[in-house]
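Residue-level listing of the chains:
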Amino acid sequence: MQKIEAIIRHYKLEDVKAALTEKNIVGMTVCEVRGFGRQRGHKEQYRGAEYTVDFLPKLKLEIVVDDSVVQDAISAITEAAKTGRVGDGKIFVSPVAEVIRIRTGESGAEAI
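Procedures and definitions
Residues numbered from 1 in each chain as written. Predicted model: local features only at pLDDT ≥ 70, side-chain atom pairs only at ≥ 80, totals over all residues. Heavy atoms only, no water. UniProt positions renumbered as here; feature names shortened; annotations may be inferred. Axes fitted to C-alpha atoms, helices over the stretch in contact; angles between N-to-C directions. Helix = DSSP H or I, 4+ residues; strand = E, 2+ residues; numbered from the N terminus. Left-handed = near helix turned anticlockwise from the far one by under 90°. Contact = heavy atoms within 4.5 Å. Nonpolar A, V, L, I, M, F, W, Y, C, P; charged D, E, K, R; others polar. 1 Å grid on protein atoms, 1.4 Å probe; cavity = no way out; pocket = protein on both sides within 12 Å on 5 of 7 lines; lining within 4 Å. Points joined across faces, edges and corners; volume = space filled by probe spheres on them. Pairing = 2+ DSSP bridges.

Naming follows an unreviewed UniProt entry, where the protein chain appears as Nitrogen regulatory protein P-II of Thalassoglobus neptunius. Under the UniProt heading Sequence similarities (unreviewed entry), the entry covering the protein chain gives this text: "Belongs to the P(II) protein family." UniProt's Subunit (unreviewed entry) comment on the protein chain is quoted here verbatim: "Homotrimer."

Take a look at the structure:
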């Protein structure tokens with residue numbers, strides 16, 4: 001099992017969700033996060049004063065999938081979240097040692 005964490009733009013959430021659902025990948029956790037990468041924020045003007053927004057709002061998706069569908073999930077997220085501009089986000093993949101469903105006590109792939 002692998003945990004996929006993806007940082008994406010807010011307005012791409014529905015596209016990513018639809019792309020994952022189309023590949024029969026269900027279940028995700030979504031968190032609102034703030035951060036910056038190479039773009040290092042941006043400058044805005046408010047009432048004539050210029051200020052820098054260092055931390056940009058993004059969404060963080062967390063999905064745990066079986067090893068057999070990791071590449072399908074990554075390609076679905078990449079295709080749906082891509083705009084071709086700086087700040088599209090990142091995808092991180094890490095191994096998951098164990099998953100346990102609290103309600104039934106199931107563990108492993110059955111608990112996903």
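Moving on, there is more to tell.
**Here we look at the packing of helix 1 (residues 13-22) against helix 2 (residues 70-81)**
Angle between the axes and distance between the axes are the two parameters that describe a pair of packed helices. At their nearest, the axes of helix 1 and helix 2 sit 8 Å apart, and the two run at 150° to each other. In this structure, the crossing between helix 1 and helix 2 has a hand that is right-handed. Residue-level inspection shows D15, V16, A19 and L20 of helix 1 in contact with helix 2, the latter providing A73, A76, I77, A80 and A81. Each residue belonging to the contact of helix 1 with helix 2 can be placed in one class, and the counts come to 8 nonpolar, no polar and 1 charged.

**Digging into the environment of G27**
Structurally, G27 is set in the loop between helix 1 and strand 2 (29-35). Sequence separation between G27 and K12 is 15 residues; the distance between their C-alpha atoms is 17 Å.

**A few points about the layout of surface pockets**
Volume-wise, the second largest pocket comes out at about 190 Å³. Lining of the second largest pocket is provided by K3, V26, G27, M28, T29, E62, I63, V64, V99, A111 and I112. Tallying contributions element by element places strand 5 (residues 56-65) first for the lining of the second largest pocket, with 3 residues. When the residues that make up the lining of the second largest pocket are grouped by side-chain class, the tally is 7 nonpolar, 2 polar and 2 charged.

**So, the pairing of strand 5**
Pairing geometry for strand 1 (residues 2-8) and strand 5, over 7 bridges, is antiparallel. Looking across to strand 5, one finds that K3 is bridged to V64. In this sheet, strand 5 lies alongside strand 2 in antiparallel orientation, the contact comprising 7 bridges. Paired with R34 across the bridge in strand 5 is P57.

**A few points about the sheet that holds strand 1**
Pairing is antiparallel across the open sheet formed by 4 strands, whose spatial order is 2-5-1-6. The outermost strands of the open sheet, each flanked by one partner alone, are strand 2 and strand 6 (90-95). For this sheet, the mean inter-axis angle between neighbouring strands, taken without regard to orientation, is 25°. One ladder, built from 6 bridges, connects strand 1 with strand 6; its direction is antiparallel. Residue K3 lies in a different strand from strand 6, and its bridge partner there is S94. Sheet strands in contact with helix 1 are strand 1, strand 2 and strand 5, and its direction is about 15° off that of strand 5. Contacts between helix 2 and the sheet are confined to strand 1, strand 5 and strand 6, with strand 1 contributing the most and set at about 5° to the helix.

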